[in-house]
Amino acid sequence: MAKFRKEKAQGSQQLNTASLPDIVFMLLFFFMVSTSMKEVEMMVRMRAPEATELSKLEKKSLVSYIYVGTPLNPRKYGSEPRIQLNDSYETVDGIGNYILQERESMKESDRPKMTVSIKADHDVMMGTITDIKQALRKAQALKISYSARKKAEVK
Amino acid sequence: MAKRATPEVNAGSMADIAFLLLIFFLMTTTMDTDTGLSRMLPPMVDAKQDDAPPINKRNVFVVLINAKNQLLVQGEWLNIRELKDRAKEFIENPADNEHLPAKEMVDVPFFGEYPVSKGVISLQNDRGTQYQQYITVQNELQRAYTELRDELSRRKFNKKFDELSSEEQDAVKMIYPQRISEAEPKNVGGKK
């Protein structure tokens, strides 16, 4: 007993933190691998519509985004819904070019799998969406996804 | 002598550096994967060409959404809550009603010869329809298919559709192919 107590008193050594960097590095690598930087800055107000039967878009490299919503800066850009491609407002006519560019930047084997995600605000009129759909059909980008978020269960 | 003089490199700050990097990546990371309803658009056809194959009227389930977000299903006003069941009834046609879609025997793996409905759901909307309503309708239609597929998988494999192997899923999909046609844009119901 006495011996034990003595050891305890003597052994108030510091906690060994040598492995702490390893742990942190492990976490770091995990986040580095799983991260994907936000590529575009949102310039439109977008609250996705709600749905329940969602499917995930797995490969981010295959997905191009089209944002639709009212501009965040209504004083400068008005309050009509606008289409945002990359970092600028575009009209429907710009979609064809955008799809072409996106397709060019993809690997050739991935091109048929290209998906266009329409991220539109829940409150926009279907007229805009229909125009976009027609433009996509013209550009032969037929795989689309209507971006939506999970609906809170109401039962 | 020399050995005693070399002090250990102080690795204490290593953790700080790593933490800094970690926090940076934690902040910039976006883990959320995009979710949504996947659809295939029909390829563009020439405007002149209108010799599309005639589809029997009984095989089409017409859903119209007007600018006030109201539904017209098969010519009658319908509440969105009833849409899923109507769609299911249409696709399945349990009593072989002659006003509901015809069936055709198809050779499906695991099932053998199985009557597959020829039904197509045609969804048309006005330019003034709210996007949320459109998505809700799409969602309800998809739910009809999901439930039918689930029921069939339960009956046949005693499992949910999601738990089936991919071959089994393909077989179930052959029996209930998802045919939702988003019609050519038309301007119905007022101007916008």
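Structure: above.
Being a predicted model, the structure only gives us computed values, none of them experimental.

Cut-offs used in this document
- Residues numbered from 1 in each chain as written.
- Chains lettered and ligands numbered in written order.
- Predicted model: local features only at pLDDT ≥ 70, side-chain atom pairs only at ≥ 80, totals over all residues.
- Heavy atoms only, no water.
- Helix = DSSP H or I, 4+ residues; strand = E, 2+ residues; numbered from the N terminus.
- Expected span 1.5 Å × (residues − 1).
- Buried < 20%, exposed > 50% of the residue type's maximum accessible area, 1.4 Å probe, protein only.
- Arc of directions from axis to C-beta.
- Phe/Tyr/Trp six-rings, centres within 6.5 Å; stacked < 30°, edge-to-face > 60°.
- Patch = residues over 30% accessible without salt bridge, like charges linked within 9 Å, V, L, I, M, F, W, Y side chains within 5 Å.
- Areas by Shrake-Rupley, 256 points an atom, 1.4 Å probe, with all protein chains shown as cover.
- Salt bridge = Lys/Arg side-chain N within 4 Å of Asp/Glu carboxyl O.
- Contact = heavy atoms within 4.5 Å.
- Buried area = accessible area lost by both parts, 1.4 Å probe.
- Polar contact = N/O pair within 3.5 Å; in protein donor to acceptor, adjacent residues only side chain to side chain.
- Nonpolar A, V, L, I, M, F, W, Y, C, P; charged D, E, K, R; others polar.
- Pairing = 2+ DSSP bridges.
- Axes fitted to C-alpha atoms, helices over the stretch in contact; angles between N-to-C directions.
- Parallel < 35°, antiparallel > 145°, perpendicular 65-115°, else oblique.
- Left-handed = near helix turned anticlockwise from the far one by under 90°.
- Core = buried A, V, L, I, M, F, W, Y, C linked by side-chain atoms within 4.5 Å.

Peer 1: What exactly am I supposed to notice about unusual backbone geometry here?
Peer 2: Across residues other than glycine, the phi torsion is negative in most instances, and most of the peptide bonds are trans. Non-glycine residue N69 of chain B carries a positive phi angle of around 65°. Tracing the backbone shows N69 of chain B in the loop between β2 (60-65) and β3 (71-73).

Peer 1: Would you take a moment to explain helix α2 (residues 20-34) of chain A for this structure?
Peer 2: Structural remark: α-helix, 3.6 residues per turn; residues separated by three or four positions point the same way. Residue and element names in this part refer to chain A. For α2, spanning 15 residues, the distance from its first C-alpha to its last is 21 Å, which sits close to the expected 21 Å at 1.5 Å a residue. Within α2, burial applies to P21, V24, L28 and F31. On an axial view of α2, the arc spanned by its buried residues comes to 90°, and they lie on one face. The exposed set on the far side of α2, more than 90 degrees from its buried face, consists of D22, M26 and V33.

Peer 1: Would you take a moment to explain the packing of aromatic side chains for this structure?
Peer 2: The geometry of an aromatic ring pair is captured by two quantities: the separation of the ring centres and the angle between the planes. Tallying each qualifying case throughout the model produces 9 aromatic pairs over all chains. Between Y65 of chain A and Y67 of chain A, the ring centres sit 6.1 Å apart and the planes meet at 25°, which makes this aromatic pair stacked. Among the aromatic residues, those joined into a cluster by ring pairs are F110, F111, Y114 and F157 of chain B.

Peer 1: How do you make sense of a nonpolar patch on the surface when you look at a structure like this?
Peer 2: A surface patch of nonpolar side chains, amounting to about 640 Å² of accessible area, comprises L20, I23 and L27 of chain A together with F19, I23, L26 and M27 of chain B. Per element, the largest residue contribution to the nonpolar patch is 4 residues, and it comes from helix α2 (residues 12-28) of chain B. Its place among the elements puts M27 of chain B in helix α2.

Peer 1: What's the story with the side chain of S122 of chain B in this structure? I'm lost.
Peer 2: Here S122 of chain B shows up in strand β7 (residues 120-125). With sequence-adjacent residues up to four places away left out, S122 of chain B is seen in contact with V60, F61, V62, V63, S181 and A183 of chain B.

Peer 1: I would appreciate a short explanation of the interface of chain B and chain A in the present structure.
Peer 2: Many structure descriptions define interface size as the accessible area lost when the parts assemble. Facing 46 residues of chain B, the contacting portion of chain A comprises 54 residues. With both chains or domains summed, chain B and chain A bury close to 4600 Å², and 61% of this area falls on carbon and sulfur atoms. It is D34, L41 and Y131 of chain B that lose the most area in chain B upon contact with chain A, and together they represent 18% of the buried surface on that side. The interface formed by chain B and chain A includes 3 salt bridges. Here D131 of chain A ties to R127 of chain B by a salt bridge, and the two come within 2.9 Å at their closest N and O atoms. For the pair chain B and chain A, the number of links is 26 residue pairs in polar contact (both at pLDDT 80 or more). Every element with two or more residues in the side of chain B that touches chain A is listed here: α2, β1 (35-40) and α4 (131-157) of chain B. Of the residues contributing to the side of chain B that touches chain A, the split by class is 21 nonpolar, 16 polar and 9 charged. Relative to β1 of chain B, strand β8 (residues 143-147) of chain A runs antiparallel, the two sharing 5 bridges. The partner of I144 of chain A across the bridge, within β1 of chain B, is R39 of chain B.

Peer 1: Sorry if this is basic, but what is going on with the environment of L26 of chain B here?
Peer 2: All names here are of chain B. Within the fold, L26 resides in helix α2. On the basis of relative accessible area, L26 is assigned to the partly exposed category, the value being 40%. With 30 residues separating them in the primary sequence, L26 and N56 have C-alpha atoms 57 Å apart.

Peer 1: How should the pairing of strand β4 (residues 63-71) of chain A be read in this particular structure?
Peer 2: Along a regular strand, successive side chains alternate from one face of the sheet to the other. Residue and element names in this part refer to chain A. In terms of residue burial, β4 counts as a mostly covered element, since 8 of its 9 residues are buried. Pairing geometry for strand β1 (residues 44-45) and β4, over 2 bridges, is antiparallel. Each bridged residue has a counterpart across the sheet, and for R45 the counterpart in β4 is T70. Here β4 pairs with strand β7 (residues 115-120) via 6 bridges, running parallel. Bridging from a neighbouring strand, Y67 pairs with K119 of β7.

Peer 1: Explain the packing of helix α3 (residues 80-92) of chain B against α4 of chain B here, please?
Peer 2: A pair of packed helices can be characterised by two numbers: the angle between their axes and the separation between those axes. Residues and elements named next belong to chain B. For the pair α3 and α4, the least separation of the axes is 9 Å and the interaxial angle reads 45°. Between α3 and α4, the interaxial angle falls into the category oblique. Handedness of the α3/α4 crossing: right-handed. Note on element contacts: α4 touches α3 through Q133, T136, V137, E140, L141, R143, A144, Y145, E147, L148, E151 and R155, opposite I80, L83, K84, A87, K88, I91 and E92. Considering only residue class, the contact of α3 with α4 consists of 9 nonpolar, 2 polar and 8 charged.

Peer 1: I would appreciate a short explanation of the nonpolar core in the present structure.
Peer 2: For soluble globular proteins, the rule of thumb is that nonpolar side chains tend to be buried together. I66 and L136 of chain A are the most contacted members of the largest nonpolar core, which has 60 residues in total. Excluding its chain neighbours within four sequence positions, the residues that come into contact with L136 of chain A are I66, I95, I99, V116, I118, A141 and I144 of chain A together with L41 of chain B. By size, the runner-up hydrophobic cluster in this structure holds 8 residues, among which are L57, V63, Y67 and Y89 of chain A.

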